[in-house]
Each structure stands twice: as structure tokens, then as C-alpha cells.
Amino acid sequence: MSKSFVGVKALKDVSFDVRPGEVHALLGENGAGKSTLIKMMSGLYSPDAGTITVDGKDMKFASTRDASAAGIATVYQELLLFPELTVAENVFLGNYPRRPGGWIDWAEVRARTRALLDQLDTFDLDVDAKVLTLSVAQRQRVEITKALSKNARILIMDEPTASLVESDVQRLMAVVRQLRERGVGIVYVSHRMPEIFALADRVTVLRDGGYVATRDIGEVDEAQLVSMMVGRPIDSLFPKADAKIGDTVLEVKNLNHGRHVQDISFSLRRGEILGVAGLVGSGRTELALTLFGMTPATSGEIVLEGRTVAITSPRQARDLGIAYVPEDRGQQGLVKQMAIRKNVSMASIERFSAGIFIKAGAEAQRALDAVKRLSVRCRNIAQPVGELSGGNQQKVVIAKWLETNPKVLILDEPTRGVDVGAKAEIHTIMGELVKQGVAILMISSELPEVLGMSDRVLVISGGRLTGEIDRADATPERVGMAMTAHQSGEAA
Amino acid sequence: QSAAWTGGDDLPTNPLACDATPATVAAKPYDGGSPTNAPDRKGKTLKVVDVPKLVGIGYFNATSKGIADAAKEIGTMDAKTDGPSKANIDDQITLIDNYITSGVDGILFAANDPVAIAPVLKKALAAGINVVGYDANSTPDARQWFVNQAEFNGIAKAMVDSMAKETGEDGAFAIVTSTFTTPNQARWIAEMAAYQAKCHPKMKWLETVEAQEDNILSFNQTNTLLNKYGDELKGVFGMTSVATPAAADAVTQANKCGKVAVVGLATPNAMKPYVAADCVKSVVLWNPVDLGYAAAHVLRAVADGTLAPGATSVKAGKLGDLSVINGSEILLGAPTVFTKDNINNFDF
Amino acid sequence: MSAVVDLPPTRPASGAQRPGFFRRLFADYGQELVVLAAVVALFIVVTMVNPRFISANNLTTIFSGNAYIAVAAIGMAMVIITGHIDVSVGALIGVLATISGTLAVAGYPIWIAWLAPVLVGMAVNACIGGLVAYARIPSIVVTLGALSIMRGGLISVTGGTWITNLPPSFLIAQKSVLGLPVPLVVMVVLTVLAALWMRYSAFGRSLYAIGGNAEAALATGIPVERRTVAVFVIHGAFAGLATILFATQLQVIQSTVPPNLELTVITAAVIGGVSILGGSGTVIGSTLATILFATIGSALIFVNVSAYWLRAVIGLLILATVLADMLRRRGRI
Amino acid sequence: MNWKSLLRHETFLALLLVVVLIVLSFQSDRFFTVSNLLNQGRLMTEIGLIAIAMTFVIATGGIDLSVGSILGLTAILTGVFWQNIGMPLPLAAIAAIAVGTLAGFANGAIITRFNVPPLIATLATLALYRGLAEGISQARSVRGYPDWFYVLGQGEVLGVPTQLWILAAAAIIASIILAYTRWGRTVYAIGSNEVASRFSGLSVEKTKLALYTASGFAAAVAGVIFVSRVSTTRSDMGTGIELDAITAVVLGGTSIFGGRGTIAGTMIGLCLIQALKNGLSLAGVKGDGTIMLIGAVLILAILASNLFERSGTR
Ligand SMILES: Nc1ncnc2c1ncn2[C@@H]1O[C@H](COP(=O)(O)OP(=O)(O)OP(=O)(O)O)[C@@H](O)[C@H]1O
Ligand SMILES: Nc1ncnc2c1ncn2[C@@H]1O[C@H](COP(=O)(O)OP(=O)(O)OP(=O)(O)O)[C@@H](O)[C@H]1O
Ligand SMILES: [Mg+2]
Ligand SMILES: [Mg+2]
């Protein structure tokens, strides 16, 4: 089975093929065109030029339905779920088991979903829960379950592990390997190098919409791959800067909010990066939201620069100098239809205003600076943010919050779905910020990132603090141990 | 007590005598307005617009037909009907305003609100346009003449007397009207209340309900009244040409023909089935075709100068001489009572 | 089709994941239950004031007098679930009633007079749906325009004449089957069928999917455009069925429709729990909400609420229902 | 937000308006006269004021269906405060406007505090406020206002109808706010992505509350102008005006899903509708024909600008 494809614009003359029983990794920087390629293979976009061949036959995919019929299932990068429908229904939508007469067999839908979820070790997901009540990571699992349910011959996964923590990644990789053994061809996109080396048989690298090379995994090492992607070598993915750690900026005492933030206490100092590790649903995001005033604390104390503050709204948090880069940038971070310029100034619009009027010139200047400083790849600052690739969108969100000159910067999964080049850049930016005395609270599901960037690591499990580990003592084992403590408190 | 009628416009009521004694009307000087610098229109062809309360209901179709008939008969009149699609003061005002600008010679109107329409009518007078109302009046000084289909107290007497005859002097009745704010209906109900208190004091007024200009709602409301009061309810008044047939239908479908009387204002066409089935004995209404016909003739006479302030009567084609009352109103005559015998002679 | 992977779970499946029957019922049909509770409460209170309220006659008035609104609201609920809205349904019913009545009076076979509004309703809404789906004009814009066109057109064409002399066999809404009035039977049957269809057919579920996330629906392979046209066409069919009940209730057909009929129908759908944002709700809710309105209207007359304050009370009750639903949702999450 | 596509719709609409004006003035020589055009301004002021506020509301992705009822309630209260309670008329009008504004505030509070979708909330208050107007008025109308009061609705200032000044001022202020201030930016941001706006520290709730309050205020002012124009109060005043206002706003290019729209567009849409109503009437087309044509123009205008936009960006 081969599959070739030639397109233009976002994608220039790219050819790509998948064989049965292989994992073919697709690599490239943000905006390289990986998702675009995938969307054409799955029938969502139609190519301007070029062909798709399955089993030697030329295919014309008018819709994703045609692609499904040809045995292609896809887990998209942007989660495409139906928030008002249940988990089970999301999994089998358009593909229901029927009873005689064509009626949907709901009992069967639930049972099969349960079985699929169990195989992913996802016991805490209620198949009858509406998807809107799930966290991002839980939604990701639903997406994967959905693709698995289709029993496809070609499975395309666009950054499936972006929001999974290490143990989940391991589990997913096991599933992928098993599928490979069954002769399923898998297209796998990820920005996480270790996964690529652990999983892939071949890799194809794209750059700026163009095809760079296809290699067997044995032929290349990480540095080579990175320089193929970025066009230059990268020194270090975790450029830990030596910032002077100053006095305490933020002190949190016995903070509580609902089930997911229970009795949390910690302190954060100027120039420090405090990593937060935890399993999916452990309550890290909830903690951030509580600090940011989105879900105000029900009890406990937040002390900011020696003053006890009650934070009840994001606006107030912002005014106090707390910034939050959310985990779901599409929904929470950006206004996609709006220009880059307007997104950058959004959280600090008062600074670009004279009275109530916006100073458009100053705003544009700052946006230009920010785009340059964070090397956001875009046509111009008037381009709607939604047109940018994931990593570049993330940089815009960070730029937006840097405009507020925060004292405390909370980064929730700051490099989720961000390519190695940009990831290194974001880490460098973090380094610069701590040098300027900003205190950073970094939530990440990527253990190497947590270990590589943090001065200290907080570990949260079941909404409780289960460990506070200094950089020197932070080994994957210690952190992992703390992450699985208090398991009982986590069950939803 | 829910029966008390407190709606309306707080104008004094003037119930007629309980027997057939005609009311003595005190002569009043002309109180209408007059157009400024109206050109001499004597014998010239008039461009006339007729703006009813709303278009799309049987009643105003009939008046509009009368106007068209008269225009054809007169020959020197170009009449056209254009009204709002809902009984809405604002749309009506806008329409009249547009016709003033377009330069008509005469305006015939039936007002959705007597006061709200006044400014725009005064503007018409100021532009030298002849303005005549029918069916629903404006304040007198905003138009020249008003063709009064029947005096409010006359209608009230006819309605209440008919009801008393059918239900007996101690019957209990309810009313289905469009809305409490509709001026004509409000006046009629007020006059009915006064006349009933004076001449049929033992009758029991149970309730008045609104049903918009919506026949299904009228039907439902009548049904609800029938259900609520059971055998106590002896009669239902329909105050509009929409409510009356719907009320009759409700009574028919509830198999209460003969047990519950329906008396009301309605056009004959809509009532024929119920009258034929003996479910409704009598329908009260002036002939709206005649009303439109008379209004058109009055407008012609005003434009020709043959109807001037101080006149006591006016010639209205086949209707003969109509008399002037209340200073600047022209009375169409007594309302017609349609019964099984004559209803098939009318088609509107 | 069996699951592809059969890795052994690392720990045994934790049993009893499903919440209890009542919790699920409350979660799935919360708003419907609120509305139902409101209806029941009204019935109890008003019956205590005046026992005639639950007489067979009054129940007939409440349930079948407004059945046509309920039927129209079924189609509206489907449209709203798909993420659209239709503000032209009132005008459409007026047009269809005129067509149906004209055919009946002109002596065409009765079944043609009944079939015509359904077919014409489907045709008109196919155009509306086409503009929404393929020309990508928001449905509120298309139907706002269609409302004007149909309302004006109706008056232009009929000149406002009423249709009388309808043949008795045409008047189906006045008949009964098995001792039950036809409108009631039609309303219940259509509601149940539509509810089953929305829950157990792939087509019905796809409407929820489109309303919930049109982009994802497209990616799932649902033909979003065709389904959008289809749901408008179905809505047109329901409008046609509603028209039959509407036009045959009385012996005359008024050429004007009840003012604000479209708002009444939309209100019924949304009070019944259909999310105005699309993606959730049921047709059971819209029918219950229609019954609620009818019950309120009747109840206020029975308890002698001053007719002047009637509308204020209705508004207050609607608001109370809406707020009760919101509080319920908060309690749940 | 894409400025180019925005400009395109408004330019297109303005061109359409010009064409309509030219065609209509050939149909009737009484159409394109100063006095007629000014008079049309008088007639469209109430809808215009409401449509301006509605533009903001719709641009945030909301809607306000209760404006007609607020207008009616304010009208009734003006009369009742003045005649039944005996307040001086100016005070009565101000008090009535205050109540109308409060009604708008209540809408906003229901929408923001209880998370009720705007369409549902205002559908409920549409019935409630109209009901209050009916209940308070007890079906009576208040008439006989002093002559000075009519200056507002029937008088002129410098040869231009009084209320047209108000409309013009409102339109200019509103368009500046929407286009150049941070409030305007906030409106667009909320309309495009409410969650992200909240996460960016914008005061989403306060903004929405303010907008619905402003919408109530605009409807209330329109109510007093309406009373002054027609010399009386009735509880059914303003019925159906919400659809007229929404039509103008949507025709003007404001997206019903929020995130885009301009006051200029709304005003052009409003003028287009009014020109059609008036011009067609002068040209001898009846009201029902005009309604049909406005419906068709609405659909076609949006269709045409959709096509424009697509051919432009692809
Ligand atoms: N809807 C769109 N409109 C315009 N440009 C787009 C659109 N979607 C993607 N692009 C552009 O196409 C290019 C390829 O984007 P694509 O999403 O395929 O990148 P990617 O390789 O998947 O990146 P990432 O790793 O961030 O997901 C980018 O430059 C992006 O800006
Ligand atoms: N909108 C929501 N409604 C209900 N429950 C939610 C919602 N969002 C999150 N949760 C629940 O809250 C718990 C904690 O979620 P949270 O997102 O804070 O976890 P996390 O540790 O940040 O995980 P991750 O970031 O990997 O998703 C999860 O169990 C999730 O089910
Ligand atoms: Mg991608
Ligand atoms: Mg998280």
C-alpha cells in the first residue's frame, strides 16, 4: 500500500507514503504543514493538486466519510468532539451499532465504549458523562478511543500525546505498537523526540510546507532530525538560565477550591521557576485557575508581596500582576478571528489607551516588537491568529501576557504542541523572564520539561500536594512516585 | 369582583333609554378641522387613499370594497386601499405620512388610536388634503368629518337587548374582545356595562377576556370560559369580527347550541354556517360596505364643497340622505341585525 | 466490529460506573422535568381553587386547542438543535393554511388539501435551508427575510379575504378517534415518533452533532449541508402538519396568522429545554412547554387573575421556569 | 476581525443605498426632497436608537428581544407618573427612562448572573415588560400633554426634526466608541470568544451588563420620543420593533454570531429600509409589496456580500 500526495500553498509538492505495519512519524516545526497534509489524507481538505493512492487505487476523497470508507481514521490536532453529547456517543457517532430496523443500540454503544476505554486504562471516565464536563486530557482520550473504534487500516494521529502525562504516553505507545503488529499503518505526529525514537520506523520531515527528507529511524539521531526540521542545530532544549532567586513573591496557604484544590500551600520566589507535575486530572489546572481568580478560592490565603489578597476575577489577578497562559489556547487563550495585534494587546489594553481611546500606533508597535522578539511566524500583525500554526499561536498568547509585565507568570502546558525549535525559544524566553525577576509557575505534563526547567518541583495528586522536591533531588522516579500518591482521592 | 369593566378611556357613558325612545341629541356646532389652502377640487378627479386599521381582515375588506364601489359610481375618484399588516399605530402613521408626501387629494382613515393619529392628520389638513374618517375616529379637530357607523350606545343597546332576549333577564354572560386597548371595543364595552346596569340589572357579567385578533385564541378563550363556568354561563359576546365566529364555533363544538347564546359584532359571511345551524340567532353589524361607500361619498362632497361646516345632512348615493350628528359626524344609520332570513343576501 | 486492541487492562475494570436511573433521568431530561413539574403543580393548585379545571372538556381545550403550536414546535426544536433558528414559521403557517383552505373549497379531494400544506411547507423550507446551508447566510437572516416576504405576499395575494364554506370532511381537527380529539392524538403521536427518531436514528443524532460542533461534524463525515437542508425540510413538514390542525380547528380560515406565532413556537422550544446554541434538547420538552403555556393561559382565567396583569404573570412564570432551569444546572455541575 | 471584509460589506451596502435612492427618485419627484428626507429621519429615530444599542449587543453575540416591551413600558410610565402620580412632566419622563434602563439592567443581570442565554432571557422579559405595561396602564391611555413636550417628537431645531439630532449624536458617539475605544474592542472580543476574553482579564460580565442596560436606556429614550411624536401613550407601543431593529442591524453587516459589525453599517441598513418603505410608497407600491421587497433585499444583500467576501479571500 502506498500513498502519495502533492499539494501547493501551505504544502508544496510533498510526497509521503505509509506501509502496512509501520509507524511513520511526521516531523516538522510549527506551521510546517503536518496538519494540513493530514487533513488532506483524511478527506477534510481537498488538495489543489496531487493524488492520494490507497492500495494502488487513486482515491478522490470528497469528505471524511470517503476516507473512513477507505480505512483511514484520524485523531485531529484540534479536538473535534461534541460537548453536549456523551463520551460513548462521541466515540461511535456516525458509526453506531444498530439493532434490526436501523435503530441505534445504545446499550451496545456504551458497552463497547467501556471496553475500549478499559483497554486504554481509562477507568475514571464515565461513558455517560457529557464531554463538556471533561478536562482536555480526558477529551484527548475520547478522541483516541474514537479513532480506535473505527478499526482502521491506516490510523493518523496528530499530536495525540500533546496533553497526556508520561504514564499515559507509555500506555498509548503500547496501543500503537500493538496496532502496528496487526498490520495497521500509522502516521504519527509529535513534537516529543523520545516518543519518535521509541515508536517510529521511519520519519518524514517537513519544513515550511516543503518536503525535506524521509529516513529510517536507525539512520538518524536526534540532533540530525532537529536540524533537518529547524534548518539549524539547537544547542539545548532546556537552556536553564542561572537567575538570581530573590525573596518570596507569592505565598499560598491552605488553598481550597472544590475537590481538585485541597489544602495547597507553597511559596514562589522572584526569579524562580516552580514546576508543577501531576497526573491527568490531578488538579493542576484547577490550582492555576484558583490563583488566577477564575474559580475563586473557597478558603485559604494568598499572599502576594507580603499582602494578603482575595482574588475573585482574572481581571483582579491581572491587576495584581498575575498572568496565566491557559492550557487550551484555542478556546481560552486566543480570539482566533482577531488580528495578532489585537490579541497581543488584549490583556493590557489600558496601557495602549489614552483615556478610553486606543492608541493604534503604539499598539501596532508593541505587537511588532513582540512578534519579532518571540519570532512568531506570520504574514503581518493584521493576520488573524487563527490562521497561525499551533506553536505560533502559543507564542502570541505568551506575548499577550508579557505585555502586562507580570510578577507571577503561570504557564499551563506552555509548550504543548510546540515544535522543538519553538520550544527551545519559549524556554529561553522563560529564562530571560526569570532573570528579570519574574516568578514562574510552570504546569507541565512533560516530565523532561519539568525536570529540565524547574528550580523546584511541586507534585500534585488528587488535588493535594504530595511532594515538593528541589531541583537537585528531582529525579523522574521521585517525581513519579509522588504523582501516584493519594490515588484514592482522585477518582471522579 | 372580576366582572367589573374598568377598561376603556374614562369618557362618560351615555346609555340609551331602555325602551325604543330615540336619544335626543343636542345640536353641537361643527368641531372638525379644515384643510388650509385646499385647491378647488370641485368636479376634478380626486386621488384618494384609504388607510384602514389593518389590511387582511374581512371587515376592512368590506369597507374597502364599499369605497371602491363608490369611486366607480362617482367616476371622478381614484381610490386605493393601503394599510398596515398589523393594527399598529406606528405603521399606520408612517403610511399616511408617505401619502401626504406623495400628494393625494383626500385621505380616508380608520384610526388605530384617536390621539396618536391626530398629528399626522393635522399635517395632512395643513397640506390642504381633505381628511375623512370612518369606523374609528380621531380627535375631531384632526379631520374634517367622521362617518359614524352607529353610535356606541346604540350598538351597546342592540347587543345587550339581544342577549337579554336570548338568555333571559337573569342570565350570566362573558365577553371575548380583541384587546382592552382597542378604542372602539373599549367604548362599546363601557356603554354595554352602563346600559346593562340601567336596563337589565339582574344580568350577571362574569368576565371579559382578551383574544387579540386571533381566531384560534378566541376559540380557546371561549372554551375556557365554557369550562370554567359550566352551566352558569348563558351567553357570550364577541366584540370583533374575529372573536364572534370563533366563539360561535366553540359553542358549536361544545354541543352547547341553544344553551349558550352567542351575540356579537361580525361580518355575515363568517357567521353564515352558525346562523344556518341555528347556533347563533342574530349578528349585529352595520353594513361595512355601506360604511366605506358613505365615507367615499362624504369625501367627494367635502372636496366639492357641498358638505360644509353647519350642514345637517349629506347625500350619499344609493344610501340617500345621511344626517349630521355631534357637530362633525355623519351617522350611517341603525346597525343591521343579520338573521337566518336575511344573512344570505349579504356577501362580505 | 470488535475492538482492535485487546491489551489487558492494567487493573480490573471498576464496576458500577453508571449513575443511578434517576440521576441519569434528571441529567438527560432536567428541563423537561422542570416544565412537567410546573404543569403538574399548576394543575394541582388550580384544581383546588376550581375543580372544573380538570374536567374532560377543559383538558381537551388545554391539550388540543394548542396542539398546532406543539406540532410546529417539534420542527422548530429540531432546527434549533441543529444550531439554527426559524422566525418565519408563523408566516409560513398562514400561507399554508390559505393554500390548504383554498384547495378544499375549490373542491379538490380532501387528501390533496391536507397534503398540499405539507409539501409546500417542505418546498419553501428547502429553499430556506438551501440558503442557510449552501449560501451560508445565517438562518435568522434568511428567515427574517422570508418572514417579510411571506407576510407581505399573503396579504397581496389574498387581499385578506377569509376562507369560508369549508367542507365538513376537511375539518379533521374537530373530529376524534377512540374518543380523543384528533389534535391531541396527532400531537402525542408526532411527539413520541419524533422523540424516538431523534434519539435512536443516526440522522437524529447527527442533528445534535451538527448543532454541537459543526466543524467536528464535518470531520466525522456527516454531510452537514445536506442535513441542514433536510432538517429545514422536515421542519417544513411539521409546519404543514401544524397548519392542518390550525386550519381545520374552526369553520373559517383567517388569512392573517396569530401575531407573534413564531415567537410562541420558539419560546415553546427553548423553554422546553432546547439549547438555543444548538446541540441539546428534546422534542418532548417543546411539547411539554406548549402544554405549560396553554395551562397557564387557562389557569389564569380560572383563578381570576385580572386580565390586565395576565401577560405580566405569564412573563413571570416563563422567567421562573428559565431561572429554575439555570439553578438546576448549577446544582448539577 | 477582518477590516477589509467589513469595509467591503458596508461599501457594498452604501452603493446599494445610492442606487436605491437614484431609482426611487426617478419613480417619484417627491421622494428626493429635503423635507421628505428629513421627515423620514423623524420616522426612523426610534428604531434607529434601538438599533444602535442592538448593534453592540449583537456584536457581543447576544440579542435583546425585549426592547419593544421596554419602549411600551416607558411610554406608559411617562404618562402614569405625570398624570396619575402628578410628577412634573420632565421628571416623569426621566423617571420613566430610569425604569426602562432598570429593565435593561435586569435583562443584563439575568443574563450574566444566571447564565441564561440572551435570547431566552429577553424572550421572557419581552412578555413580562409588556405585561407590566398592560397591567399598569389598565388599558387606559394618557393624553393631553403640554405643547412644549411635543417639541421632542414633532418639533424642529434649526430646520431639522429634533429627534434626528438625537439620533445623529447617538450614532456618532456610538460609532466612535465601537471603533476606537477599549470598550468597543472588548465588545468585539467578547463576541468572538467570550472565554478567551474572560481569560484575558476583560470584564466580560460588567460589559454585558452595561450593554443590556444601555439597550434598555435606548429603548426607553425611544419610548419618550415616541410618546412625544404621537401625543399619547398606549401599552402596545413598540410591538414588533425588535425585529425591525434587528433587521437593520443584520442588514448593516453585523454578524448575528458576534464579533463583527459597525454602527455605520447599521445606519446604512436603517436608511436603506426607510428609503424603500418611503420611496416605494411614493411610487405607488402598497405596504405589503414593500414588506416583501425588504425581505428580499435583506437576503440578497447578505448573500451578495457573502459571495464578495469569499471571492475576495480565496
Ligand atoms: N485555515 C487556514 N487558513 C490559512 N492558513 C492556514 C490555515 N490553516 C493552516 N494555515 C497555514 O498553513 C501552514 C501549515 O499549518 P499546519 O497547521 O499544517 O502546521 P503544522 O505543521 O501542523 O504545525 P503545528 O505543529 O503547529 O501543528 C501554516 O503556515 C499555517 O499558518
Ligand atoms: N469543566 C469541567 N467540568 C467538570 N469537571 C472538570 C472540568 N474541567 C476539569 N474537570 C475535572 O477536574 C479535574 C481536574 O482537572 P484539571 O484540568 O485541573 O487537571 P490537570 O491536573 O490540570 O490535568 P490536565 O491539565 O492534564 O488536564 C479532572 O478530574 C476533571 O475531570
Ligand atoms: Mg498541526
Ligand atoms: Mg491542566
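All values derive from a computational prediction rather than experimental measurement.

The secondary structure content of chain C amounts to 14 helices and 2 strands. In terms of overall size, chain C behaves like a compact globule, its C-alpha atoms giving a radius of gyration of 22 Å where 333 residues would be expected to give roughly 20 Å. In terms of principal-axis extent, the alpha carbons of chain C reach across some 75 × 55 × 40 Å. Split into buried and exposed, the 333 residues of chain C put 59% on the buried side. Considering only contacts within chain C whose residues lie at least 6 apart along the sequence, 79% involve residues at least 24 apart. Of the roughly 12100 Å² that chain C leaves accessible, carbon and sulfur atoms contribute 70%. On chain C, the mean spot of the 17 positive side-chain charges and the mean spot of the 8 negative ones are 8 Å from each other.

Glancing now at the arrangement of the chains. Out of 5 pairs of chains that touch, the pair holding the most contacts is chains A and C. Over all C-alpha pairs, chain A and chain B never come within contact, reaching a minimum spacing of 37 Å.

Let's shift gears to the confidence of the model for chain C. On average, chain C scores 86 in pLDDT, and the residues at 70 or more come to 92%. Scoring of the predicted complex yields 0.89 for pTM and 0.87 for ipTM.

On to the site of ligand 2, then. All names here are of chain A. In the region of ligand 2, 15 residues are neighbours, and Gln 138, Arg 284, Thr 285, Glu 286 and Glu 327 sit closest. Between an oxygen atom of ligand 2 and a side-chain N or O atom of Ser 282, the distance comes to 3.1 Å. Contacts to ligand 2 include Glu 286, whose backbone N or O atom sits 2.9 Å from an oxygen atom. Calculation on ligand 2 without its partners gives an accessible area of 620 Å², and the protein chains cover 80% of this total. Its residues assigned to classes, the shell around ligand 2 comprises 4 nonpolar, 8 polar and 3 charged.

Moving on: the sheet that holds strand 10 (residues 261-269) of chain A. Residue and element names in this part refer to chain A. Read across the open sheet, the 4 strands follow the order 10-9-12-13; overall the sheet is antiparallel. This sheet does not close on itself; its edge strands, each paired only once, are strand 10 and strand 13 (307-309). With direction set aside, neighbouring strand axes in the sheet form an average angle of 20°. Each of strand 9 (248-257), strand 10 and strand 12 (299-304) touches helix 9 (residues 284-291); the most contacted strand, strand 9, lies at about 115° to it.

Residue and element names in this part refer to chain A. For chain A, mean pLDDT is 84; residues scoring 70 or higher make up 95% of the total. Averaged pLDDT values for the elements of chain A fall to 78 in strand 3 (residues 57-59) and rise to 94 in strand 14 (residues 322-325). The model gives residues 487-492 a pLDDT under 50, and that stretch makes 9 contacts with residues more than four places away or in other chains.

Looking now at the coordination of the magnesium ion (ligand 4). Binding of the magnesium ion (ligand 4) to the protein goes through Thr 285 of chain A (OG1) and Glu 327 of chain A (OE), at separations of 1.7 to 2.4 Å. With Thr 285 of chain A in helix 9 and Glu 327 of chain A in the loop between strand 14 and helix 11 (329-333), this residue pair connects regions lying 42 residues apart in the sequence.

Attention now moves to the sheet that holds strand 5 (residues 145-148) of chain B. Residue and element names in this part refer to chain B. Pairing is mixed across the open sheet formed by 8 strands, whose spatial order is 2-1-3-4-5-13-12-11. Of all strands in the sheet, those bounded by a partner on one side alone are strand 2 (77-81) and strand 11 (313-315). Taking the axes of each pair of neighbouring strands and ignoring which way they run, one obtains an average angle of 25° across the sheet. In this structure, strand 4 (residues 130-134) lies alongside strand 5, joined through 3 bridges in parallel fashion. Each bridged residue has a counterpart across the sheet, and for Gly 133 the counterpart in strand 5 is Phe 146. Strands strand 1 (46-51), strand 2, strand 3 (106-109), strand 4, strand 5, strand 11, strand 12 (321-325) and strand 13 (329-331) of the sheet are contacted by helix 9 (residues 288-304), whose axis makes an angle of about 160° with strand 4.

As enumerated under the stated definition, the model contains 50 salt bridges over all chains in all. In this structure, Lys 157 of chain B and Asp 161 of chain B form a salt bridge, with 3.2 Å as the shortest nitrogen-oxygen distance. Of this pair, Lys 157 of chain B and Asp 161 of chain B both sit in helix 4 (residues 152-167), 4 residues apart, which is roughly one turn of that helix. For Asp 236 of chain D, the salt bridge is made with Arg 234 of chain D, and the minimal N-O distance between the two is 2.9 Å. It is possible to trace a salt-bridge network through shared partners that takes in Arg 192, Glu 195, Lys 423 and Glu 446 of chain A.

Time to look at the state of the cysteines. Residues and elements named next belong to chain B. With the rule as written, the count across this model stands at 2 disulfides over all chains. Across a sulfur-sulfur distance of 1.9 Å, Cys 18 and Cys 199 are joined as a disulfide pair. An S-S torsion of about -85° defines the bridge between Cys 18 and Cys 199 as left-handed. Taken together, the residues Cys 18 in the segment before strand 1 and Cys 199 in helix 5 (residues 183-199) connect sequence positions 181 residues apart.

This brings us to unusual backbone geometry. Residues and elements named next belong to chain D. In the Ramachandran plot, Leu 158 falls in the positive-phi region, its phi being about 55° despite a non-glycine side chain. Looking at where Leu 158 falls in the secondary structure, it is placed in the loop between strand 1 (156-157) and strand 2 (160-161). Here Leu 158 falls in the exposed class, since its relative accessible area comes to 76%. Phi at Ser 231 is positive, roughly 65°, even though this residue is not glycine.

For the rest of this paragraph, the subject is the interface of chain A and chain D. The interface is formed by 32 residues belonging to chain A together with 20 residues belonging to chain D. Interface area for chain A against chain D, summed over the two sides, is near 2300 Å², with a carbon-plus-sulfur share of 60%. Where chain A packs against chain D, one counts 1 salt bridge. Arg 185 of chain D is the partner of Glu 363 of chain A in a salt bridge, and the nearest nitrogen-oxygen pair spans 2.6 Å. For the pair chain A and chain D, the number of links is 12 residue pairs in polar contact (both at pLDDT 80 or more). Mapped by element, the contributors of at least two residues to the side of chain A that touches chain D are helix 10 (314-319), helix 11, helix 12 (340-345), strand 16 (357-358) and helix 14 (390-402) of chain A. Per element, the largest residue contribution to the side of chain A that touches chain D is 4 residues, and it comes from helix 11 of chain A. Per-class residue counts for the side of chain A that touches chain D are 17 nonpolar, 8 polar and 7 charged.

Conventions we followed
- Residues numbered from 1 in each chain as written.
- Chains lettered and ligands numbered in written order.
- Predicted model: local features only at pLDDT ≥ 70, side-chain atom pairs only at ≥ 80, totals over all residues.
- Heavy atoms only, no water.
- Helix = DSSP H or I, 4+ residues; strand = E, 2+ residues; numbered from the N terminus.
- Rg over C-alpha atoms; globule rule 2.2 N^0.38 Å.
- Buried < 20%, exposed > 50% of the residue type's maximum accessible area, 1.4 Å probe, protein only.
- Contact = heavy atoms within 4.5 Å.
- Areas by Shrake-Rupley, 256 points an atom, 1.4 Å probe, with all protein chains shown as cover.
- Lys, Arg positive; Asp, Glu negative; His and termini not counted.
- Charge placed at Lys NZ, Arg CZ, Asp CG, Glu CD.
- pLDDT = per-residue confidence, 0-100.
- Near = heavy atom within 4 Å.
- Polar contact = N/O pair within 3.5 Å; in protein donor to acceptor, adjacent residues only side chain to side chain.
- Nonpolar A, V, L, I, M, F, W, Y, C, P; charged D, E, K, R; others polar.
- Pairing = 2+ DSSP bridges.
- Axes fitted to C-alpha atoms, helices over the stretch in contact; angles between N-to-C directions.
- Donors = N, O, S within 2.8 Å, 3.2 Å for Na, K, Ca; no water.
- Salt bridge = Lys/Arg side-chain N within 4 Å of Asp/Glu carboxyl O.
- Disulfide = S-S within 2.5 Å.
- Buried area = accessible area lost by both parts, 1.4 Å probe.

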